[in-house]
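One letter stands for each residue in the lines below.
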Amino acid sequence: QVQLVESGGGLVQPGGSLLLSCAASGTIFKINVMGWYRQAPGKQRELVAAITSGGSTNIADSVKGRFTVSRDNAKNTVYLQMNSLKPEDTAVYYCNADVNTRWSFRRDYWGQGTQVTVSS
């Protein structure tokens, strides 16, 4: 019904940068919030960054000043620019979208996840 396709993950050295992209497609009436979560081994999934359709953002304290979230509403795409990466950023990153597929039906959709590994 709604699919989220991610790209941009991979292996990077500490201090490096990665850009993650996530494009939503399918039966979409309105996308409210889009964002990124991550889950490291042995830890719960946590919110990294989120952005509303109007451009308001919510950034986790652990990545403030290093990560930037943005979106292109015309393309139904959300981005996560990750700079100054640290080993503790290593995790599977999941794209999330809060979607109305029709006016009165709204729920979250998830991407399959993309691995980000920060290691020297």
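In this text, all values refer to a predicted model and were calculated from it rather than measured experimentally.

Conventions used here
Residue positions within a chain follow its written sequence, with the count starting from 1. Whole-chain, interface and lining totals are the exception, using all residues; otherwise, since this is a predicted model, local features are given only for residues with pLDDT of at least 70 and side-chain atom pairs are given and counted only at 80 or more. The side-chain numbers reported here are obtained from all heavy atoms of the structure, hydrogens and water having been left aside. When a carboxyl oxygen of Asp or Glu is within 4 Å of a side-chain nitrogen of Lys or Arg, the pair counts as a salt bridge. Cysteine sulfur pairs qualify as disulfides if the two atoms are within 2.5 Å. In this description a helix means any DSSP run of H or I spanning at least four residues, a strand means any run of E spanning at least two, and both kinds are numbered starting from the N terminus. Three labels apply to residues, based on accessible area from a 1.4 Å probe with only protein chains included: buried if under 20% of the type maximum, exposed if over 50%, partly exposed otherwise in between. The pairing criterion for strands is at least two bridges between them, as found by DSSP. As used in this record, nonpolar core signifies buried Ala, Val, Leu, Ile, Met, Phe, Trp, Tyr and Cys residues forming a set joined through side-chain atoms within 4.5 Å. Contacts: residue pairs with any heavy atoms within 4.5 Å of one another. Stacked, edge-to-face and tilted labels apply to pairs of Phe, Tyr and Trp rings (six-membered ring for Trp) whose centres lie within 6.5 Å, assigned for plane angles under 30 degrees, over 60, and everything in between, in that order. Placement of a positive charge over a ring is assigned whenever Lys NZ or Arg CZ falls within 6 Å of the ring centre and within 35 degrees of the normal to the ring plane. Here a polar contact is taken to be a pair of N or O atoms separated by no more than 3.5 Å, where protein atoms must pair a possible hydrogen donor with a possible acceptor and residues adjacent in sequence count only if both atoms sit in side chains.

*Asks:* I'm lost on the pattern of salt bridges in this one. Help?
*Replies:* Pairing is possible between side chains that carry opposite charge, provided their charged atoms lie close to one another. Inspection of every chain in the model, using the stated rule, returns five salt bridges. Between Lys-64 and Asp-61 there is a salt bridge whose closest N-O contact spans 3.2 Å. Look at the salt bridges and you will find they share partners, linking Arg-38, Glu-46, Arg-66 and Asp-89 into a network.

*Asks:* Before we go on, may I ask you to explain the state of the cysteines in this structure?
*Replies:* Here, disulfide denotes a covalent bond that connects the sulfur atoms of two cysteines. Taken as a whole and judged by the stated rule, the model has one disulfide. Each sulfur of the disulfide joining Cys-22 and Cys-95 lies 2.0 Å from the other. Its S-S torsion of approximately -85 degrees makes the covalent link between Cys-22 and Cys-95 left-handed. One end of the pair, Cys-22, is in strand 3 (residues 18–26); the other, Cys-95, is in strand 9 (residues 91–102), and 73 residues separate them in sequence. Judged by its relative accessible area of 0%, Cys-22 is buried.

*Asks:* Looking at this model, I keep getting lost on unusual backbone geometry. Mind explaining?
*Replies:* Trans peptide bonds make up the majority, and among non-glycine residues the majority have a negative phi. Although it is not a glycine, Asn-76 sits at a positive phi angle of roughly 50 degrees. Along the chain, Asn-76 turns up in the loop between strand 7 (67–72) and strand 8 (77–82).

*Asks:* Help me understand the pairing of strand 1 (residues 2–7) in this model?
*Replies:* Regular strands place side chains that alternate from one sheet face to the opposite one. Because side chains alternate across strand 1, one face comprises the buried residues Val-2, Leu-4 and Glu-6, and the other comprises Gln-3, Val-5 and Ser-7, none of which is buried. Of the strand pairs in this sheet, strand 1 and strand 3 are connected by six bridges, and their pairing is antiparallel. Counterpart to Val-5 in the pairing with strand 3 is Ala-23.

*Asks:* What should I look at first to understand the nonpolar core in this one?
*Replies:* Nonpolar side chains tend toward joint burial in soluble globular proteins. Membership of the largest hydrophobic core comes to 31 residues, with the highest contact counts inside it found for Trp-36, Leu-80, Met-82 and Tyr-93. Broken down by secondary-structure element, the contributors of at least two residues to this core are strand 1, strand 3, strand 4 (30–39), strand 5 (46–52), strand 7, strand 8, strand 9 and strand 11 (114–118). Top contributing element to this core by residue count: strand 9, with five residues. Setting aside residues up to four positions removed in sequence, Leu-80 forms contacts with Leu-18, Leu-19, Leu-20, Trp-36, Val-48, Ala-49, Phe-67, Thr-68, Val-69 and Tyr-93.

*Asks:* Can you help me understand the packing of aromatic side chains in this one?
*Replies:* Under the definition given, this model contains two aromatic pairs. Considering the side-chain rings of Phe-29 and Trp-103, the 5.9 Å spacing of their centres and the 90 degrees angle between planes classify their relative orientation as edge-to-face. Of this pair, Phe-29 sits in the loop between strand 3 and strand 4 while Trp-103 sits in the loop between strand 9 and strand 10 (105–110), and the two are 74 residues apart along the sequence. Of note, Arg-107 hangs over the ring of Tyr-109, and the distance from its end group to the ring centre comes to 3.9 Å.

*Asks:* Looking at this structure, how should I read the environment of Gly-9?
*Replies:* Relative to the assigned elements, Gly-9 resides in the loop between strand 1 and strand 2 (10–12). Counting along the chain gives 10 residues from Gly-9 to Leu-19, while the straight-line C-alpha distance between them is 7.6 Å. Ignoring any residue separated from it by four or fewer positions in sequence, one finds Gly-9 in contact with Leu-20, Thr-114, Gln-115 and Val-116.

*Asks:* Help me understand the side chain of Arg-38 in this model?
*Replies:* Relative to the helices and strands, Arg-38 is located in strand 4. Exposure remark for Arg-38: the relative accessible area of 6% places this residue in the buried category. Only 3.0 Å separates the side chain of Arg-38 from the side chain of Asp-89, close enough to count as a polar contact. A distance of 2.9 Å separates a polar atom in the side chain of Arg-38 from a polar atom in the side chain of Tyr-93. Non-local contacts of Arg-38, meaning those with residues more than four positions away in its chain, are made with Gln-44, Arg-45, Glu-46, Val-48, Ser-62, Val-63, Phe-67, Glu-88, Asp-89, Ala-91, Val-92 and Tyr-93.

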